[in-house]
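Spelled out, the chains give:
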Amino acid sequence: MKAKNTKAWAGRFATAADPRMEAFTSSLAVDRRLAQYDIQGSVAHCRMLVKQKILTRAEGEKILKGLKNVQRELARGRFPFLASDEDIHMAVEAGLIETIGPVGGKLHTARSRNDQVATALRLYLREAVDEIVRGIEALQFSLAKKAKAHMGTVMPGYTHLQRAQPVSLAHHLMAHWEALERDRARFGDCRGRINVLPLGAAALAGTSLPIDRKFVARELGFRSVASNSIDAVADRDFVVEFLSCAALAMTHLSRIAEELILWCSAEFGFARLPDALCTGSSLMPHKKNPDAPELVRAKTGRIFGDLVAMLTVLKALPLSYNRDLQEDKEPAFDAAETLNACLAVTVLCIEGLEVDEVRMAEAAGADFPAAVELVDRLVESGVPMREAHGIVGRLVRSCLEAGLGMADLSSEELARHHPALAGVRPEELTAEASLAAKRSAGSAAPSEVARQVRRALRRAKR
Ligand code: ARG
């Protein structure tokens, strides 16, 4: 379809471009993904040019039809890209002119690639955010469902990766839910700042033609119009924000992934992932490896790299547009695609997770699960907290020396440590009793956890 190889700027140039330079500077391999967003932007721009009588109705119709044609060819994978097409924007325009003739050259009126590319990237990221938020919600839903099934499953809660105080598996899973809830909100905030129209800034200074930017913003669903034309083409803060939201969300996924890996080890033995979500070893026939969470854990580093790459491109970059900004796309696309893939596989892992409730309960019941409740008991009888801590600490030490658990102690032995402990019954010293004793808002108390799970499930049903 396209035969000629003439650049948009050929008029100013005495010689053709060096093909090696063309290959180096081309972004086509990466920014092809922007095709539909570029066309979306062009359609709105063209309608505005007609409305403002900068183009005639007939010209506008020709251009819109031509753009549809190009879109169809792109969708069918039949669009003939040329090495000389520096980027997707030039390729689409060249295709348009090839299809409808010189009138296609009027589309770029009152526009520069600088405001065009910023517009297309914002349209892409706005959709990416919506997809990611759906992915986050799906993962939150799977966590809440798993939590609902494990309200009564007791497990050790950890600090320093040492058994600390018993919690329920539901409580633990809902802690991850909360982190994802903040991610959801952060992506929402970020979307608001993505959703601003740069188009109409032209190269950097605006235009002398009577354009209507508000009209274009409405056509494209942008909430507002960028107020400063220099900033409009120079700004990639929205990419940094997107990447930092993605980096933090990936951090949260890596924490979930790490726990799944630990829990599935023989050392913990808390859970298994179904065979369908694991791989074996090419050498060791007995192996079953948690590759999916391992890769989620590892891919987190890629997203950090994307964020640092983007920050570094922007650092000390003079205003306004510089070709450096072309390097914004790979990190943005990579982060969006990686995060979506990791969210989806983490949903599979949570849904498929087979919990060994007995093993978890055993671990929760060992190592003085109700030590803190004993301290609280003494505190309630008037002993200062610091003294109570010392008394129970000594009691723990004597148990360790005698190789006994707290529940093995007789009421006389308990009373020897403090009279107020005389009435404590063995069943008050279990992990379950520790949970049931909790009262504070947001605590491991079954009623509190049930409230969190109900809220989460109610939200998911909306
Ligand atoms: N491919 C370029 C980018 O991604 C498009 C803008 C190029 N503008 C220019 N004046 N060379 O940033």
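Criteria and cut-off values
Residues numbered from 1 in each chain as written. Predicted model: local features only at pLDDT ≥ 70, side-chain atom pairs only at ≥ 80, totals over all residues. Heavy atoms only, no water. Helix = DSSP H or I, 4+ residues; strand = E, 2+ residues; numbered from the N terminus. Expected span 1.5 Å × (residues − 1). Contact = heavy atoms within 4.5 Å. Core = buried A, V, L, I, M, F, W, Y, C linked by side-chain atoms within 4.5 Å. Buried < 20%, exposed > 50% of the residue type's maximum accessible area, 1.4 Å probe, protein only. Pairing = 2+ DSSP bridges. Phe/Tyr/Trp six-rings, centres within 6.5 Å; stacked < 30°, edge-to-face > 60°. Lys NZ or Arg CZ within 6 Å of the ring centre and 35° of its normal. Axes fitted to C-alpha atoms, helices over the stretch in contact; angles between N-to-C directions. Parallel < 35°, antiparallel > 145°, perpendicular 65-115°, else oblique. Left-handed = near helix turned anticlockwise from the far one by under 90°. Nonpolar A, V, L, I, M, F, W, Y, C, P; charged D, E, K, R; others polar.

Asker: Explain helix H15 (residues 385-402) to me, please; I cannot follow it from the model alone.
Answerer: At 3.6 residues per turn, the α-helix brings residues three or four places apart onto the same side. Compared with the 26 Å implied by 1.5 Å per residue over 18 residues, the 26 Å span of H15 between its first and last C-alpha is a close match. Lining the buried residues of H15 we find helix H14 (371-380) and helix H16 (411-417). Remark: Gly 403 follows H15 within two positions and exhibits a positive phi of approximately 65°.

Asker: It is not clear to me how the nonpolar core should be interpreted in this structure. Could you clarify?
Answerer: Here is a general trend for soluble globular proteins: nonpolar side chains tend to be buried in one another's company. Ranked by size, the top nonpolar core spans 110 residues in total, and within it Leu 125, Leu 139, Phe 187, Phe 242, Leu 253, Trp 263 and Leu 339 carry the most contacts. Considering every element that reaches this core, the biggest residue donor is helix H10 (residues 237-263), with 15 residues. Sequence-distant contacts of Phe 187, defined by excluding residues within four places in its chain, comprise Val 129, Ile 132, Val 133, Ile 136, Phe 242, Cys 245, Ala 246, Ala 249 and Leu 339. Judged by nonpolar contacts, the second largest core, of 19 residues, contains Phe 368, Ala 371, Val 392 and Cys 399.

Asker: Help me out: how do you make sense of the environment of Ala 128 in this one?
Answerer: In this structure, Ala 128 sits in helix H6 (residues 113-149). For Ala 128, a relative accessible area of 5% gives the class buried. For Ala 128 and Tyr 321, which are 193 residues apart along the polypeptide, the C-alpha to C-alpha distance reads 24 Å. Ignoring anything within four residues of it in the chain, the contact list for Ala 128 reads Phe 242 and Ala 336.

Asker: Would you mind showing me how to read the pairing of strand E1 (residues 154-159) here?
Answerer: Within a regular beta strand, the side chains point alternately toward one face of the sheet and then the other, so they alternate between its two faces. In this structure, E1 lies alongside strand E2 (residues 162-168), joined through 6 bridges in antiparallel fashion. If you follow Pro 156 over to E2, its bridge partner there is Pro 166. The loop that links E1 with its antiparallel partner E2 comprises 2 residues; one of these, His 160, has a positive phi angle of about 55°.

Asker: Explain the packing of aromatic side chains to me, please; I cannot follow it from the model alone.
Answerer: Each aromatic ring pair is characterised by the separation of its centres together with the angle its planes make. Per the counting criterion, the structure on display carries 6 aromatic pairs. The interplanar angle of 85° and the centroid separation of 5.7 Å between the aromatic rings of Tyr 37 and Tyr 124 together place this pair among those described as edge-to-face. Of this pair, Tyr 37 sits in helix H3 (residues 35-51) while Tyr 124 sits in helix H6, and the two are 87 residues apart along the sequence. Accessibility assignment for this pair places Tyr 37 and Tyr 124 in one class, buried. Considering the side-chain rings of Tyr 158 and Phe 268, the 5.9 Å spacing of their centres and the 55° angle between planes classify their relative orientation as tilted. Of the two residues, Tyr 158 sits in strand E1 while Phe 268 sits in the loop between H10 and strand E5 (271-272), which places them 110 residues apart along the sequence. Overall, the relative accessible area of 25% leaves Tyr 158 in the partly exposed class. A residue is classified by how much of its surface remains accessible, and Phe 268, at 14% relative accessible area, is buried. Through a chain of ring-to-ring contacts, three or more aromatic side chains come together here, namely Tyr 37, Tyr 124 and Phe 333. When the ring centre of Phe 81 is taken as reference, the NZ or CZ atom of Arg 32 above it lies at 4.1 Å. One residue, Arg 122, lies across the ring of Phe 238, its end atom 3.9 Å from the ring centre.

Asker: For this particular structure, what's the right way to read the packing of helix H7 (residues 169-194) against H10?
Answerer: Packed helices, taken two at a time, are described by the angle between their axes plus the distance between the axes. At their nearest, the axes of H7 and H10 sit 8 Å apart, and the two run at 165° to each other. By the angle between their directions, the pair H7 and H10 is classed as roughly antiparallel. Crossing handedness for the pair H7 and H10: left-handed. Within the contact of H7 with H10, the residues separate by chemical class into 15 nonpolar, 3 polar and 6 charged.

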